[in-house]
Amino acid sequence: MFARILNRWAPRALAGAALSLALLSGTAAHAFTEEHVIILIDRSGTMRTTRASGQTRFADALVRGRDFVQTPNALPRLFAIWTFEGGGYRREQGFEDGPTTVASLSRLSVGAGATPLALAVCDAADELLQFGPGIDARKVVRLISDGEENSTPEATLCYGPPSATRYPDLEEGSWEWKVRNMLKTGDPLRDSPNPFQLVFDADVFFNHITLAPEPFFLTFVQEVAKASGGRYTPIDDVRPLPIPGDTDGNGCVDSVDYRFMLANYGLRVPPASPAADFNGDRVVDFTDYSIVLGNLGRGCNTVLPPVLPVHEVRE
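All figures in this text were calculated on a predicted structure; none of them were measured in a lab. (Residues numbered from 1 in each chain as written. Predicted model: local features only at pLDDT ≥ 70, side-chain atom pairs only at ≥ 80, totals over all residues. Heavy atoms only, no water.)

> Whenever I open this one, the state of the cysteines confuses me. Can you help?
Two cysteines joined by a covalent bond between their sulfur atoms form a disulfide. A full pass over the atoms with the stated rule returns 2 disulfides. Between the sulfur atoms of cysteine 122 and its disulfide partner cysteine 158 the distance amounts to 2.0 Å. Here the disulfide of cysteine 122 and cysteine 158 is left-handed, its torsion about the S-S bond being about -95 degrees. On the criterion of sequence distance, the pair formed by cysteine 122 in helix H5 (residues 117-130) and cysteine 158 in the loop between strand S4 (137-145) and helix H6 (175-185) is long-range, its members being 36 residues apart. Using a relative accessible area of 4% as the deciding quantity, one classes cysteine 158 as buried. Paired by a disulfide, cysteine 252 and cysteine 300 hold their sulfur atoms 1.8 Å apart. The sign of the 95 degrees torsion about the S-S bond sets the cysteine 252-cysteine 300 disulfide as right-handed. One end of the pair, cysteine 252, is in the loop between strand S6 (232-236) and helix H8 (255-264); the other, cysteine 300, is in the segment after helix H9 (286-295), and 48 residues separate them in sequence. The two residues cysteine 252 and cysteine 300 agree in class, both being buried. (Disulfide = S-S within 2.5 Å. Helix = DSSP H or I, 4+ residues; strand = E, 2+ residues; numbered from the N terminus. Buried < 20%, exposed > 50% of the residue type's maximum accessible area, 1.4 Å probe, protein only.)

> Please clarify how the pairing of strand S1 (residues 34-42) should be interpreted in this entry.
Remark: a regular strand shows side chains that alternate across the two faces of the sheet. With 9 of its 9 residues buried, S1 lies for the most part within the structure. Alternating residues of S1 divide into Glu34, His36, Ile38, Leu40 and Asp42 and Glu35, Val37, Ile39 and Ile41, and every residue in both groups is buried. As paired elements, S1 and S4 share 8 bridges and run parallel to each other. Across the sheet, isoleucine 38 pairs through a bridge with valine 141, a residue of S4. As paired strands, S1 and strand S2 (residues 77-85) are joined by 8 bridges and run parallel to one another. Within S2, the position partnered with valine 37 by the bridge is phenylalanine 79. Where the polypeptide runs from S1 across helix H3 (residues 57-70) and back to S2, its parallel neighbour, the crossover connection is right-handed. (Pairing = 2+ DSSP bridges. Right-handed = clockwise from strand over helix to strand, strands pointing away.)

> How should the packing of aromatic side chains be read in this particular structure?
Pairs of aromatic rings are described using the distance from one ring centre to the other and the angle between the two planes. Under the counting rule described, the total for this entry stands at 8 aromatic pairs. Consider the rings of phenylalanine 95 and phenylalanine 131, whose centres lie 3.9 Å apart with planes at 20 degrees: the pair is stacked. Taken as a pair, phenylalanine 95 in strand S3 (residues 88-96) and phenylalanine 131 in the loop between H5 and S4 lie far apart in primary sequence, 36 residues in all. Look at phenylalanine 131 and you get partly exposed, because its relative accessible area is 26%. A ring pair is formed by tryptophan 175 and phenylalanine 217, whose centres lie 6.4 Å apart and whose planes are at 40 degrees; its orientation type is tilted. Taken together, the residues tryptophan 175 in helix H6 and phenylalanine 217 in helix H7 (residues 216-228) connect sequence positions 42 residues apart. On the accessibility criterion, tryptophan 175 (1% relative accessible area) is buried. (Phe/Tyr/Trp six-rings, centres within 6.5 Å; stacked < 30°, edge-to-face > 60°.)

> When you look at the nonpolar core in this model, what are you seeing that I'm missing?
Within soluble globular proteins, side chains that are nonpolar generally end up buried alongside one another. Grouped together as the largest cluster of nonpolar side chains are 36 residues, with contacts concentrated most on Leu40, Val179, Leu183, Phe200, Phe220 and Val221. It is H5 that provides the largest number of residues to this core, a total of 8 residues. Not counting residues within four places of it along the chain, the set of residues in contact with phenylalanine 220 comprises Tyr167, Leu170, Trp175, Glu176, Val179 and Arg180. (Core = buried A, V, L, I, M, F, W, Y, C linked by side-chain atoms within 4.5 Å. Contact = heavy atoms within 4.5 Å.)

> So what exactly am I meant to see when it comes to the pattern of salt bridges here?
Proximity of charged atoms lets side chains of opposite charge pair with each other. Across all of its chains, the model carries 15 salt bridges by this definition. A salt bridge links aspartate 60 to arginine 51; its shortest N-O distance comes to 2.8 Å. With respect to class, aspartate 60 is no different from arginine 51; both count as buried. Residue lysine 184 is joined to aspartate 191 by a salt bridge in which the shortest nitrogen-to-oxygen separation is 3.7 Å. In this structure aspartate 191 comes out as partly exposed when scored by relative accessible area, which is 39%. Counted as one network, the salt bridges with shared partners bring together Arg51, Arg57, Asp60, Asp146 and Asp237. (Salt bridge = Lys/Arg side-chain N within 4 Å of Asp/Glu carboxyl O.)

> Where do I start with the packing of H6 against H7 in this structure?
Between two packed helices, both the angle of their axes relative to each other and the distance between the axes serve to describe the pair. For the pair H6 and H7, interaxial distance at closest approach is 12 Å and the crossing angle is 10 degrees. Classed by the angle they form, the pair H6 and H7 counts as roughly parallel. In this structure, H6 contributes Trp175, Glu176, Val179, Arg180 and Leu183 to the contact, and H7 contributes Phe217, Phe220 and Val224. When the residues that make up the contact of H6 with H7 are grouped by side-chain class, the tally is 6 nonpolar, no polar and 2 charged. (Axes fitted to C-alpha atoms, helices over the stretch in contact; angles between N-to-C directions. Parallel < 35°, antiparallel > 145°, perpendicular 65-115°, else oblique. Nonpolar A, V, L, I, M, F, W, Y, C, P; charged D, E, K, R; others polar.)

So far we have only geometry, and geometry alone does not tell us how the molecule works.
As structure tokens, then:
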């Protein structure tokens, strides 16, 4: 119903604005021609924890993975899927297209072991850097986890004790220091003042009671995501699972979210609100419009009021 209402306004002005924004965002994209992503999912025993929604963290991690794959993106993308637990990880799928990846996600199952997070992130970063030589691709490690490193084998390069100091002042030799270096330079033992070579996205499930005040781990993943140009999404077990297009975090994508996106449409971030930039490309454009439109009504238990016509978009 909502799509029919919006399509009546056939947004020629929106298409023109989208074209100008595509040109504007080309600089931010650094002339990348495609995007390569490893979706790195924690399948350790604590991912069996049941959230307030009645779903386990692992089940909701798969929802987050599917949402990420199906979210419109300015660049063509290839996805690989790895899962990790115990003392290692599994390559569940090599680099494939979106529909193949969604199908693969539906076949995954949770495990019962500990969390070799440092090993998995470092090896995923190495795999990404070696994949597609000669292609100017944006490289992304997409982590979906619920806890910090505790079982990386000692014989591996990214093994280390936890840092006793917070990011950015990480202790040399700590696993956090090595993971940060790997994402930044491709070498866990070498830091550099240059920008990160890889983007780090992190969805972290947590319990607001046991993890308050915020531990070093959450600070670490949040700041590394920010520094690398990625996105950090904390997922509190007592709150609804984040939905693409939900700007106010109430678990429902409705006309409030649509109007909020329109109020920021045509602007870069900042001054636009990051909450309206659903795909994290630092501009609120036609892609964000498509995301909120495609999810209108999701998570809502009430009839939604009519949305604003598209022709009211700022040009």
